[in-house]
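Notes for the structure review
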Amino acid sequence: MGLPPARGGTFFRKDQEIPAEQKEVLVLLRGNLKACRQALVELRSEKKTVAIAWKEAGPLQIAEQLAKPAALKLFQEICQRADGAIATTPDLVPFFTAAGVRHVEFIPTPYPVEDARWNFATPVEERRGIFVGTREFGVPSRQHLAALLALRQLVASMFESVTVVNADGWRGRGMIERLGYDARLLKVVEGRMTYPRYLRLLAQHKLVWQLDASGTPGQVAGDALLARVPCVGGNGTTERLVFPDICGHGRDAEQLFDLAARLLEHPHDCEAVIERAESGAKEKVSFTAVAKRLETFFRRIAR
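Overview of the structure. Because the structure is a prediction, the values reported are computed rather than measured.

**Quick notes on the overall build of the protein**
- On a plain count of helices and strands, the protein comes out with twelve helices and nine strands.
- For 303 residues, the compact-globule estimate of 2.2 N^0.38 gives 19 Å, and the protein sits close to it at 21 Å.
- Here the protein holds 303 residues, and the buried ones make up 49% of them.
- Here the protein has roughly 14,900 Å² of accessible surface; of this, 52% comes from carbon and sulfur atoms.
- Across the protein, the mean location of the 42 positive side-chain charges is 6 Å away from that of the 36 negative side-chain charges.

**A word on the packing of helix α1 (residues 33-45) against helix α3 (residues 69-81)**
- Contact pair α1 / α3: the axes reach a minimum separation of 9 Å and the direction vectors enclose 20°. Our classification of the angle between α1 and α3 gives roughly parallel. Of the two elements, α1 crosses α3, and the hand of that crossing is left-handed. Contact residues: α1 offers Leu-33, Lys-34, Cys-36, Arg-37, Leu-40, Val-41 and Arg-44, while α3 offers Ala-71, Leu-74, Phe-75, Glu-77, Ile-78 and Arg-81.
- Considered class by class, the residues forming the contact of α1 with α3 number eight nonpolar, no polar and five charged.

**A few points about the packing of helix α7 (residues 195-203) against helix α8 (residues 219-227)**
- Relative orientation of the contacting elements α7 and α8 amounts to 75°, with a least axis distance of 9 Å. Accordingly, the angle class assigned to the pair α7 and α8 is roughly perpendicular. Counted together, Tyr-195, Tyr-198, Leu-199, Leu-202 and Ala-203 of α7 and Gln-219, Asp-223, Ala-224, Leu-226 and Ala-227 of α8 form the full contact between these two elements.
- The residue inventory of the contact of α7 with α8, partitioned by class, reads eight nonpolar, one polar and one charged.

**Thoughts on the side chain of Asp-212**
- Mapped onto the elements, Asp-212 comes out in the loop between β8 (207-209) and α8.
- On the basis of relative accessible area, Asp-212 is assigned to the buried category, the value being 9%.
- Of the polar contacts made by the side chain of Asp-212, one reaches the side chain of Arg-142; its length is 2.7 Å.
- For Asp-212, the contacting residues outside a window of four places in its chain are Thr-134, Ser-141, Arg-142, Gly-234 and Asn-235.

**Re unusual backbone geometry**
- Positive phi values are uncommon outside glycine, yet Lys-47 reaches one of about 65°.
- Among the secondary structure elements, Lys-47 is positioned in the loop between α1 and β2 (49-54).
- We note that Gln-143 has phi near 55°; this positive angle belongs to a residue other than glycine.
- Mapped onto the elements, Gln-143 comes out in the loop between β5 (130-132) and α5 (144-158).

**Here's the deal with the packing of aromatic side chains**
- A complete count under the given rule lists eight aromatic pairs for this structure.
- With a centroid separation of 5.5 Å and an interplanar angle of 40°, the aromatic rings of Phe-75 and Phe-95 are classed as tilted. Placement of Phe-75 in helix α3 and of Phe-95 in helix α4 (residues 92-98) is noted, with a sequence separation of 20 residues between them.
- Three or more aromatic residues joined by ring pairs make a cluster, and in this case those are Trp-118, Phe-120, Phe-131, Tyr-195 and Tyr-198.
- One Lys or Arg, Arg-293, reaches over the ring of Phe-106 and ends 6.0 Å from the middle of that ring.

**A word on α5**
- Taking 1.5 Å per residue, 15 residues should reach 21 Å; α5 reaches 21 Å between its end C-alpha atoms and fits that length.
- Along α5, the sharpest change in direction is near 30° and occurs at Leu-151.
- What α5 keeps buried is the set His-144, Ala-147, Leu-148, Leu-151, Leu-154 and Val-155.
- In this structure, the buried side of α5 is in contact with β5, β6 (162-166), β8 and α10 (253-265).

**Quick notes on empty space enclosed by the protein**
- A complete count under the given rule lists one cavity of 30 Å³ or more for this structure.
- Roughly 40 Å³ of internal volume is contained in the largest cavity.
- For the lining of the largest cavity, the class distribution of residues is one nonpolar, six polar and two charged.

Here is what the cut-offs are and how they apply
- Residues numbered from 1 in each chain as written.
- Predicted model: local features only at pLDDT ≥ 70, side-chain atom pairs only at ≥ 80, totals over all residues.
- Heavy atoms only, no water.
- Helix = DSSP H or I, 4+ residues; strand = E, 2+ residues; numbered from the N terminus.
- Rg over C-alpha atoms; globule rule 2.2 N^0.38 Å.
- Buried < 20%, exposed > 50% of the residue type's maximum accessible area, 1.4 Å probe, protein only.
- Areas by Shrake-Rupley, 256 points an atom, 1.4 Å probe, with all protein chains shown as cover.
- Lys, Arg positive; Asp, Glu negative; His and termini not counted.
- Charge placed at Lys NZ, Arg CZ, Asp CG, Glu CD.
- Axes fitted to C-alpha atoms, helices over the stretch in contact; angles between N-to-C directions.
- Parallel < 35°, antiparallel > 145°, perpendicular 65-115°, else oblique.
- Left-handed = near helix turned anticlockwise from the far one by under 90°.
- Contact = heavy atoms within 4.5 Å.
- Nonpolar A, V, L, I, M, F, W, Y, C, P; charged D, E, K, R; others polar.
- Polar contact = N/O pair within 3.5 Å; in protein donor to acceptor, adjacent residues only side chain to side chain.
- Phe/Tyr/Trp six-rings, centres within 6.5 Å; stacked < 30°, edge-to-face > 60°.
- Lys NZ or Arg CZ within 6 Å of the ring centre and 35° of its normal.
- Expected span 1.5 Å × (residues − 1).
- Bend = angle between axes of the 7 residues up to and from the residue.
- 1 Å grid on protein atoms, 1.4 Å probe; cavity = no way out; pocket = protein on both sides within 12 Å on 5 of 7 lines; lining within 4 Å.
- Points joined across faces, edges and corners; volume = space filled by probe spheres on them.

Okay, here's the thing in structure tokens:
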């Protein structure tokens, strides 16, 4: 809770910790909706302007959290009490409106693309291979297995290496081994790593590949943006806004395969993609751009 960092705010885990002078609050909805409702009630009693947003904002993720009547009732009550809602994907706008929120606005997840400290770019001539952006075999909408299967032919024909993060332990390793990749071209990264280290790893590659169909805010594309690497595939919001010419929205796997092959064959095309991505990101998803939209949004719903 508290204003998002894009507007110079801070995060709080308990509403009691929010300073009295802080009059604008964004409550992130998560599994415990009863606690979210209580926090909203208490914050509004203190005359604060309270907006809501989902912490996990994919349609399938929200549907899973609201699968029980009691959870849906709590969500509707929260929506009716809130001063406004922020939809981090366009698909969530009618969802919030139908549940009773008075004012809803689509505002994408921000990334510090204008901050040089968050530019993890590696020189083009030092980049090697393809990075698989997804990692969960057990989440059908991520289409992780489909992405790895589709990529195998491209890797073999162009003799490009592929890096995949294994988040599923021995089961994940077993799945990856069964895919039949040339061991010389496959790098499996095990275990957790810090976010900066992860971005540096991603930045060492020519492109990011995914077939994610979750409709989420699009963190894979956001990571690729900070690493200055083209992100091929995925239908998340950031993918659509930052990489519209190579994202998965409206394209099938074969079309994405062709786009990836072209980028691998023509490295300078990758540079052009990134130049367009940076330009679009500064206008649409940078901290500066989103901060202005947040300021306008909270001014509009102010109590």
